[in-house]
Amino acid sequence: MDKLDKFSALAITGLVLWCLFLLITQPEKQEEQRETKRLAVQLIDPALDKKIDLAKSLLASNTLEKAEQLLTELIKAYPFEAMPYLLRGDLSLYRQDPVGAMREYRKAVDLNPDFLDKKSPLFQGKKIKKTVEEARLVIETGLTANNADAALLVARKEYYYMLRKIAGSCG
């Protein structure tokens, strides 16, 4: 055996040992992932789903003041949960405020991009796209009347941001 043969045999032995090591440690990593998922499920408040369902039913029954109060409480209690922001966007749509709805949808999409993913069960892309387009019309009309309106200039920046988010989504 020359030097090259010895090196090749050593390299093959090293690769075989590395593969065995990976096979042995893989079940431990899977167990760690299962434990992490179990802990994550425990951290979710079961009352949140009930409150979100209540907010949806209040919106459906056109009880907007109660829905707004509940959504405000939910946002204060769960600031990193996207669904209350999405529902507050729906509330703004009920009140014929597409710019406000777009603003709330932006917060929801920033927290949970799955709202724009067609493959997700949370997909709300069509509604969000339509709202962004309605907001564009309101913004352009307002800026035509008064091109120095600071609120509409900020809303236009949010409009462009939402266009980029929608263009980058899967839907």
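To keep things clear, this report deals only with the structure shown in the data block.

Parameters at a glance
Residues numbered from 1 in each chain as written. Predicted model: local features only at pLDDT ≥ 70, side-chain atom pairs only at ≥ 80, totals over all residues. Heavy atoms only, no water. Phe/Tyr/Trp six-rings, centres within 6.5 Å; stacked < 30°, edge-to-face > 60°. Buried < 20%, exposed > 50% of the residue type's maximum accessible area, 1.4 Å probe, protein only.

What follows covers the packing of aromatic side chains. According to the stated counting rule, one finds two aromatic pairs in the structure shown. A centroid spacing of 5.3 Å and a plane angle of 55 degrees characterise the contact between Tyr159 and Tyr160, whose relative ring orientation is tilted. Overall, Tyr159 belongs to the buried group, its relative accessible area being 9%. The exposure class assigned to Tyr160 is partly exposed, which follows from its relative accessible area of 44%.

With a phi angle near 65 degrees, Asn62 is a residue other than glycine that sits in the positive phi range. The exposure class of Asn62 is exposed, given its relative accessible area of 52%. In this structure, Gln96 takes a positive phi of about 60 degrees despite not being glycine. The class for Gln96 is exposed, based on a relative accessible area of 68%.

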